[in-house]
Amino acid sequence: MTEAARQTYPFTLPDLPYPHGALEPHIDEATMHLHHDKHHKTYVDKLNEALAKAPDLQKLTLVELLRGVDKLPDAVRTAVKNNGGQHFNHDLFWNSLSPAGGAAREPHGELAKAISAEFGAFASFRDKFSDTAVKHFASGWVALVVDGGGKLQIVELHDQQVPRPWEYTPLFIVDVWEHAYYVKYQNRRPEFLAAFWNVVDWHKAEQRFTHGRTAAGV
Ligand code: MN
């Protein structure tokens, strides 16, 4: 799990695990400043605003809050679902990317075998994931997850939905909200997806896969 997943109130915006310009030219520095320092921070701030009024929820971790979100009181439920979901997903997104990622353009070891078993050739997997992300209507996310039995799935998430980290281990996620790519790519989401594969952190994905196929994600 990422740092944000284990946080409790007051939530904080984790630093990026690399400099803002480190993913150039694939993901530009201006987008990273807006996306991390402004958009992500706003979700964190609004999550804290909501929980400031609910002291009995302040001991719960982000994942505990999200897991039980439908049972939360009316006054905080929507704010926690929206802003907590976005906090979780953005933190996972930053930790899905690396300037040293994509180096070999393909994963190795057990994850590579699992991808072949589930999707056929690596290129077939990549095309299916990209196609899901390109065709996703409106705002949302697409993630690669593994269940406790080692089975991989591509999951399509609407708006702030999270890849159910109490049920699956997410290996990586991509943000297809327009704010993730509009500064550099405007409406050309397929170009953003093509660039994404140059910076996927396969090393972290492999580590999460090794952990996740033998245990629940949390
Ligand atoms: Mn975003």
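Refer to the structure presented above.
All figures in this text were calculated on a predicted structure; none of them were measured in a lab.

Rules of the game
- Residues numbered from 1 in each chain as written.
- Predicted model: local features only at pLDDT ≥ 70, side-chain atom pairs only at ≥ 80, totals over all residues.
- Heavy atoms only, no water.
- Pairing = 2+ DSSP bridges.
- Helix = DSSP H or I, 4+ residues; strand = E, 2+ residues; numbered from the N terminus.
- Axes fitted to C-alpha atoms, helices over the stretch in contact; angles between N-to-C directions.
- Core = buried A, V, L, I, M, F, W, Y, C linked by side-chain atoms within 4.5 Å.
- Buried < 20%, exposed > 50% of the residue type's maximum accessible area, 1.4 Å probe, protein only.
- Contact = heavy atoms within 4.5 Å.
- Salt bridge = Lys/Arg side-chain N within 4 Å of Asp/Glu carboxyl O.
- Donors = N, O, S within 2.8 Å, 3.2 Å for Na, K, Ca; no water.
- Left-handed = near helix turned anticlockwise from the far one by under 90°.
- Nonpolar A, V, L, I, M, F, W, Y, C, P; charged D, E, K, R; others polar.
- Phe/Tyr/Trp six-rings, centres within 6.5 Å; stacked < 30°, edge-to-face > 60°.

1. Quick look at the sheet that holds strand 2 (residues 152-158)
Ordered by their spatial adjacency, three strands build an open sheet running 2-1-3, and the pairing between neighbours is antiparallel. On the outer flanks of this sheet lie strand 2 and strand 3 (169-175), each paired with one strand and no other. Mean inter-strand twist for the sheet, computed between neighbouring axes without regard to direction, equals 20 degrees. Pairing of strand 1 (residues 140-146) with strand 3, which is carried by six bridges, proceeds in the antiparallel orientation.

2. With respect to the nonpolar core
Within the largest apolar cluster, 66 residues are counted, with the highest numbers of intra-cluster contacts made by Phe 125, Leu 152, Phe 172, Val 174, Phe 196 and Trp 202. The residues touching Phe 172, leaving out its near neighbours within four places in the chain, are Ser 96, Phe 125, Phe 129, Val 142, Ala 143, Leu 144, Phe 196, Trp 197, Val 200, Trp 202 and Ala 205.

3. A short note on the pattern of salt bridges
Following the criterion strictly, the structure yields nine salt bridges and no others. Lys 135 is the salt-bridge partner of Asp 131, the closest N and O atoms lying 3.1 Å from each other. With Asp 131 and Lys 135 both in helix 6 (residues 122-135) and four residues apart, the pair spans about one turn of that helix. Asp 131 gets classed as partly exposed once you look at its relative accessible area, which sits at 35%. Its relative accessible area of 61% is what places Lys 135 among the exposed residues. For Asp 201, the salt bridge goes to Lys 204, with nearest N and O atoms at 3.9 Å. For Asp 201, a relative accessible area of 9% translates into the label buried. Owing to a relative accessible area of 22%, Lys 204 belongs among the partly exposed residues under this scheme.

4. Focus: the coordination of the manganese ion
With distances of 2.0 to 2.1 Å, the protein atoms coordinating the manganese ion are His 35 (NE2), His 90 (NE2), Asp 175 (OD) and His 179 (NE2). Spacing between the donor residues of the manganese ion along their common chain follows H-x54-H-x84-D-x3-H. One end of the pair, His 35, is in helix 2 (residues 29-52); the other, His 90, is in helix 4 (residues 74-94), with 55 residues separating them in the sequence. His 90 matches His 35 in its accessibility class, with the two residues each being buried.

5. Overview of the pairing of strand 2
As judged from the seven bridges shared by strand 1 and strand 2, these two strands associate in the antiparallel manner. Along strand 2, the bridge assignment pairs Val 146 with Leu 152.

6. Focus on the packing of helix 2 against helix 4
Put simply, helix 2 and helix 4 touch, their axes get as near as 8 Å, and they point 145 degrees apart. The hand of the helix 2/helix 4 crossing is left-handed. Contacts from Met 32, His 35, His 36, His 40, Tyr 43, Val 44, Lys 46, Leu 47, Ala 50 and Leu 51 of helix 2 reach helix 4 at Val 76, Ala 79, Val 80, Asn 83, Gly 84, Gln 86, His 87, His 90, Asp 91, Phe 93 and Trp 94. Of the residues contributing to the contact of helix 2 with helix 4, the split by class is eleven nonpolar, eight polar and two charged.

7. Examining the packing of aromatic side chains
Enumeration according to the criterion identifies 17 aromatic pairs in this entry. Pairing Phe 119 with Phe 125 gives two aromatic rings, centres 5.1 Å apart and planes at 50 degrees, and the pair type is tilted. Comparing Phe 119 with Phe 125, the two get one shared label, buried. The interplanar angle of 70 degrees and the centroid separation of 5.6 Å between the aromatic rings of Phe 122 and Trp 202 together place this pair among those described as edge-to-face. Separated by 80 residues along the polypeptide, Phe 122 in helix 6 and Trp 202 in helix 9 (residues 202-212) bring together distant segments of the chain. With respect to class, Phe 122 is no different from Trp 202; both count as buried. Among the aromatic residues, those joined into a ring-pair cluster are Phe 119, Phe 122, Phe 125, Phe 129, Phe 172, Phe 196, Trp 197 and Trp 202.

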